[in-house]
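# Understanding the architecture of this molecule
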Amino acid sequence: MKTALLTDRERTLERIYAKAYPLVRHYVREHGGTDDDAKDVFQEALITFYEKAVFDQLTLTSSVSTYLMGIGKNLWRQELAKRSLQASLPETEELVEEPDVDPDQPTVALMTFVEQLGETCQSILVSFYYFGQRLEQIATQHGYRSVRSATVQKFKCLERLRKAVSHLSIEQLKS
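Residues numbered from 1 in each chain as written. Predicted model: local features only at pLDDT ≥ 70, side-chain atom pairs only at ≥ 80, totals over all residues. Heavy atoms only, no water.

## Concerning the packing of helix 6 (residues 119-130) against helix 8 (residues 147-165)
Running from amino to carboxyl end, helix 6 crosses helix 8 at an angle of 100°, the nearest separation of the two axes being 9 Å. Judged by the inter-axis angle, helix 6 sits roughly perpendicular to helix 8. Side by side, helix 6 and helix 8 meet where Cys121, Ile124, Leu125, Phe128 and Tyr129 of the first sit next to Gln153, Lys154, Cys157, Leu158, Arg160 and Leu161 of the second. For the contact of helix 6 with helix 8, the per-class residue count stands at 8 nonpolar, 1 polar and 2 charged. (Axes fitted to C-alpha atoms, helices over the stretch in contact; angles between N-to-C directions. Helix = DSSP H or I, 4+ residues; strand = E, 2+ residues; numbered from the N terminus. Parallel < 35°, antiparallel > 145°, perpendicular 65-115°, else oblique. Contact = heavy atoms within 4.5 Å. Nonpolar A, V, L, I, M, F, W, Y, C, P; charged D, E, K, R; others polar.)

Structure (structure tokens):
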């Protein structure tokens, strides 16, 4: 499989896609998802498969379609759990207070907004972007079960920060 992926990647991936995508799409749709959800799940599964195959981290005990279907099921279950959790959490808009900004003031320190996100988000974002720490280290420091959990939390914090500063211009953010 590795040889086929390396020598004729495009055609090999097209064949895999044609066989396995309909299976994943059917599963996702049967379990409350849309075609777009299925495409996202399958793309992530295919990337995982490709990376493992190319870097010799894959030992297949089933067909490629079955393997991708297994990854797709797990990814979709994780997505459903995440959506369920998000539905039960209060809107983050209410949690982040916008600092007072004087529109006549030419600059606003970005850290003012980062500080408004709370201690955990502040720590994650500063550790990653300012100190250049790896997500593995951040996951350990914050007690996350996996690097993926830390990645998701960093993304959520970043989205909250983007939302908080979305009304500002670049010039206002420069200090």
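## Structural notes on the confidence of the model for the protein
Averaged over every residue, the pLDDT of the protein is 80; the share at 70 or more is 82%. No element of the protein has a lower mean pLDDT than helix 9 (residues 170-173), at 57, and none a higher one than helix 2 (residues 9-30), at 92. Residue range residues 92-96 is modelled with pLDDT below 50. Its contacts to residues more than four positions away, or to other chains, number 6 contacts. When the criterion is pLDDT under 50, residues 103-108 qualifies, and its contacts beyond four places in sequence or with other chains add up to 12 contacts. (pLDDT = per-residue confidence, 0-100.)

## Focus: the packing of helix 7 (residues 135-142) against helix 8
Interaxial distance between helix 7 and helix 8 falls to 8 Å at its minimum, and their mutual angle equals 90°. The orientation of helix 7 relative to helix 8 falls into the category roughly perpendicular. Residues Leu135, Glu136 and Ala139 of helix 7 lie in contact with helix 8, whose contacting residues are Val147, Ala150, Thr151 and Lys154. The residue makeup of the contact of helix 7 with helix 8, split by class, is 4 nonpolar, 1 polar and 2 charged.

## Some details on the pattern of salt bridges
Once their charged atoms are close, side chains differing in charge can pair, the charge on each being opposite to the other. Enumeration over the complete set of coordinates arrives at 8 salt bridges. Arg134 is the salt-bridge partner of Glu136, the closest N and O atoms lying 3.3 Å from each other. Via salt bridges that share partners, Asp37, Glu79, Lys82 and Arg83 belong to a single interconnected network. (Salt bridge = Lys/Arg side-chain N within 4 Å of Asp/Glu carboxyl O.)

## A short note on helix 7
Burial in helix 7 covers these residues: Leu135, Ile138 and Ala139. Projected onto a plane normal to the axis of helix 7, the buried residues spread over an arc of 100° and lie on a single side. In this fold, the buried residues of helix 7 make contact with helix 6 and helix 8. Phi turns positive one or two residues past the end of helix 7, at Gly143, with a value near 75°. (Buried < 20%, exposed > 50% of the residue type's maximum accessible area, 1.4 Å probe, protein only. Arc of directions from axis to C-beta.)

## Observations regarding the state of the cysteines
Following the criterion strictly, the structure yields 1 disulfide and no others. Residue Cys121 pairs covalently with Cys157 via a disulfide, S to S 2.0 Å. Residues Cys121 and Cys157 share a disulfide whose torsion about the S-S bond is about -75°; that sign makes it left-handed. Of this pair, Cys121 sits in helix 6 while Cys157 is found in helix 8, placing the two residues 36 residues apart along the sequence. Each of the two residues, Cys121 as well as Cys157, counts as buried. (Disulfide = S-S within 2.5 Å.)

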